[in-house]
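# Per-entry structural report
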There are 2 protein chains.
Amino acid sequence: MPLLVMKFGGTSVADLARIENAAEKVRREVERGYDVIVIVSAMSGKTNELVSWVEQTSKLYDAREYDAVVASGENISAGLMALRLQEMGVPARSWQGWQVPINTTSAHGSARFVSIPRDHLDAKFAEGFKVAVVAGFQGLSPEGRVTTLGRGGSDTTAVAFAAAFGAERCDIYTDVDGVYTTDPRITEKARKLDRIAFEEMLELASLGAKVLQTRSVELAMRYKVRLRVLSSFEDTDENSGTLVCDEEEIMESKVVSGVAYSRDEAKITLVTIEDRPGIAAAIFGPLAEAGVNVDMIVQNVSEKHMDGSTRAATDMTFSCPTNQVARAKKAMEDAAAAGSIRYADLIVDTDVAKVSVVGIGMRSHAGVAARMFDALAAENINIKVIGTSEIKISVLIDRKYMELAVQALHGVFELDKA
Amino acid sequence: MPLLVMKFGGTSVADLARIENAAEKVRREVERGYDVIVIVSAMSGKTNELVSWVEQTSKLYDAREYDAVVASGENISAGLMALRLQEMGVPARSWQGWQVPINTTSAHGSARFVSIPRDHLDAKFAEGFKVAVVAGFQGLSPEGRVTTLGRGGSDTTAVAFAAAFGAERCDIYTDVDGVYTTDPRITEKARKLDRIAFEEMLELASLGAKVLQTRSVELAMRYKVRLRVLSSFEDTDENSGTLVCDEEEIMESKVVSGVAYSRDEAKITLVTIEDRPGIAAAIFGPLAEAGVNVDMIVQNVSEKHMDGSTRAATDMTFSCPTNQVARAKKAMEDAAAAGSIRYADLIVDTDVAKVSVVGIGMRSHAGVAARMFDALAAENINIKVIGTSEIKISVLIDRKYMELAVQALHGVFELDKA
């Protein structure tokens, strides 16, 4: 029997009416001949309520207790979904993480999958169950305790089940109807993509297009799980939404697939540092230890000299999320105090945004960067930092130009045209 | 290390402030040198919310899914209680039913304990944990699914743990400060009892004094678990509340310990039935099959004759909970239609109440019934049905006299005096 994984996020199971609506979508797939594994999130708002209770009870909370409390939300929606399906005449039951079992590491709050044994669920499908409803976001540690995977972990649960059970597809039902060329709130010319490659989706997800959790896309790419993003709130069929898949499955081959942006970036410049081998390690080692996610890095050409010496000097600029600036600053000050680095000044600029163009076509097309920089120059937007990967070019610019830059790039790469 | 079991009901953990208050009581016992097993109910209102979601989702719900959903409430309060204790510096962690494991039957919604293995918790106490917080009301079926014990099951969980772990005492924290000689809302002369025997508590619990669940008292009696009922909302010490214990531990030996009442009683009379061997079985067999909890039974002396015959006839009267009257009536009508019984009339009186005096002293003191009937006669209260057990005398009277009867009996047996 072909198998589908269907995942419903918090807004898709927010109340009993929405659970019924989601169950209706499951029933239709069963009627089409599928066995279905349904992964559910907690009813929206529930997880936040539970997290707030934990945080109010204990500031430096025990992550194991946090997990035990917070995972309850998914158990509730899993049971209710199974009941609703039964009420529709569909043979279904619910599973909590420990019942499957979904074996994870003991990294409470951000556990990783170890294994999902198939035998238990397979036996139930063989008995005639058509739907296994599994509580998302949770698992079981080697010590026998409840773990959670971190926010958005239900997407990852869905992909992991699709991989473990060889599902034909993993459908992620959410409150948007697919992946867009850019945020439709920024330009109405944004267009829904029918297909997008894993690599592109990864860049978009980590760049701030909040449709899918990055980890779930990574996992889907590794196990070649065809992932579909579609809306819970619309009538959907086999062609709805956006299919995230291997690039070989993609016919249209635009050079650029989307324009992403992120407001929560800050730029930090270390002014006048020694220009010597090992200086980068001396800077980024402590930053990594402090848990700072450094994104782009630029080192100026060496034109300076250290104060009162003839030694070569330069400036180093990097970007990181705004809420990590304090940590980054402290790490640099500590390193300077310990004598491992020296700098004349540390300049923080939180008034910046990152805009990126993403596309697997870039690998075989030259000139994308030039077209991007031209387009920004035509709008008089100054580029502060540039970063690139094989399929992405990112720039840091003044935040006030962010919308303008997205619109300009969306136009110049003709993303509004199918 | 001596061990205590402490149980906190829904109102005692209704919000984070009350959980803190309850944790404070636990901390004090740890400071006195106890290891503690804490049993928690769901935050009050939570279970009702979950039950209502289940019932709205599916009318004839799958009890296994009901249990999976409803047991979540206790998991949340167990985690929060463990966190609060940790925050106070007390080494604590939470256990869900399947983690202990609390092995039960598969009778979902009203499961019974099979075993509570000690090794897991014992090992944790040996490691230095001082408090094990266990989610009440739930367990694990032989099939590996979540079970619940039915309403009030957290009391029973507490007693079962006290029995399994040989606890010095099982303290049930609730919203009243103990067991009273009668309901203080009916007479202000009601007095809190320092001690009460298991048997008396059982009669009081099943007669409508809603302090402890009947099953928990039965279990405590069987395993000689000393049970203490006391208030979450007052300062408490070793002498607070009421101790429910073996009668050998009770010094004061009043003949009557308490006066109980129940409003939800109905009286059913079958008029002119055959007076022959087997007639009682022909009546009460079908009632038992229909799930009617018959309480008191009275058969008149045989002074009648069946219509148009010389066969001896009589009347049979019995009482049952008001909400079972319809079922009882149908069972009798069906038996008559099937020809297994005959009656001239079936009279239902729902305007009655049951008043009972309870006391282990009755076993060795004659004359209690006479004093009771005298007291009621002095108030001009007519007795409709009388029922007795070894330590209890119950009467059915007109409901309008109920308060008066309770007050009169409380006075005549001098229950206001210590």
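Please read all numbers here as calculations on a predicted model, not as lab measurements.

## Things to note about the relation of the copies chain A and chain B
The transform that puts chain A on chain B rotates by 179° and translates by 0.1 Å along the axis, for an RMSD of 0.3 Å. Such values leave the two copies arranged in the relation of a two-fold axis. Across chain A, the smallest distance between a C-alpha and the rotation axis is recorded for Ser72 of chain A, namely 2.9 Å. Most of the interface of chain A is mirrored in chain B, where 100% of its interface residues again form contacts.

## Here we look at the environment of Met201 of chain A
Residue and element names in this part refer to chain A. Looking at where Met201 falls in the secondary structure, it is placed in helix α7 (residues 198-207). On the basis of neighbour counts, which here come to 29 C-beta atoms within 10 Å, the residue Met201 falls in the buried class. Through-space distance from the C-alpha of Met201 to that of Thr214 is 8.4 Å; in sequence the pair is 13 residues apart. Sequence-distant contacts of Met201, defined by excluding residues within four places in its chain, comprise Val179, Ile196, Leu212, Val217 and Val244.

## Quick look at the pairing of strand β17 (residues 345-358) of chain B
Residue and element names in this part refer to chain B. Here strand β13 (residues 258-274) pairs with β17 via 11 bridges, running antiparallel. Within β17, the position partnered with Val271 by the bridge is Asp345. Pairing of β17 with strand β19 (residues 392-398) involves 7 bridges; the strand directions are antiparallel. By the bridge assignment for β19, Val357 is matched with Ile393.

## Digging into the domain arrangement of chain A
Domains assigned within chain A are domain 1 (3-175) and domain 2 (260-412). Its C-alpha centre places domain 1 of chain A at a distance of 39 Å from the equivalent point of domain 2 of chain A.

## Quick look at the interface of chain A and chain B
Each side of the interface is counted separately: chain A has 28 residues, and chain B has 28 residues. Contributing elements (two or more residues each) for the side of chain A that touches chain B: α2 (46-57), α3 (63-70), α4 (72-87) and β3 (92-95) of chain A. If you tally residues by element for the side of chain A that touches chain B, the top one is α4 of chain A, at 10 residues. Classifying every residue of the side of chain A that touches chain B by side-chain character gives 12 nonpolar, 11 polar and 5 charged.

## Thoughts on the sheet that holds strand β10 (residues 195-197) of chain A
Strand pairing in a sheet relies on backbone hydrogen bonds, with the paired strands running either antiparallel or parallel. All names here are of chain A. Reading across the sheet, the 8 strands line up as β3-β6-β2-β1-β9-β11-β12-β10 and stay open at both edges, with mixed pairing between neighbours. Sheet topology places β3 and β10 at the edges, where each strand pairs with a single neighbour. Put simply, the sheet's adjacent strands are angled 20° from each other on average, direction ignored. Inspection of the sheet shows strand β2 (residues 35-40) paired to strand β6 (residues 131-135) by 5 bridges, in the parallel sense. Across the sheet, the residue bridging to Val40 is Ala135, located in β6. Along the sheet, helix α1 (residues 16-31) contacts β1 (3-8), β2, β6 and β9 (169-174); its crossing angle with β1, the most-contacted strand, is approximately 170°. On the sheet, helix α6 (residues 153-164) packs against β1, β2, β6, β9 and β11 (227-231) and is oriented at approximately 175° with respect to β1.

## Points about the sheet that holds strand β2 (residues 35-40) of chain B
All names here are of chain B. Judged by pairing direction, the sheet is mixed, and its 8 strands sit side by side in the order β3-β6-β2-β1-β9-β11-β12-β10 without closing on themselves. Bordering the open sheet on either side are β3 (92-95) and β10 (195-197), each of which pairs with just one other strand. Averaged over all pairs of adjacent strands, the angle between their axes in this sheet comes to 20°, without regard to strand direction. Bridge count for strand β1 (residues 3-8) against β2 is 6 bridges, and the pairing is parallel. Pairing of Leu4 across the sheet is with Val36, part of β2. Those strands touched by helix α4 (residues 72-87) are β2, β3 and β6 (131-135), and its axis lies near 165° from that of β6.

Rules behind the numbers
- Residues numbered from 1 in each chain as written.
- Chains lettered and ligands numbered in written order.
- Predicted model: local features only at pLDDT ≥ 70, side-chain atom pairs only at ≥ 80, totals over all residues.
- Least-squares fit on C-alpha atoms with pLDDT ≥ 70 in both.
- Contact = placed C-beta atoms within 7 Å.
- Helix = DSSP H or I, 4+ residues; strand = E, 2+ residues; numbered from the N terminus.
- Buried ≥ 20, exposed ≤ 12 C-beta atoms within 10 Å, placed from the backbone.
- Pairing = 2+ DSSP bridges.
- Domains from an automatic or database assignment.
- Nonpolar A, V, L, I, M, F, W, Y, C, P; charged D, E, K, R; others polar.
- Axes fitted to C-alpha atoms, helices over the stretch in contact; angles between N-to-C directions.

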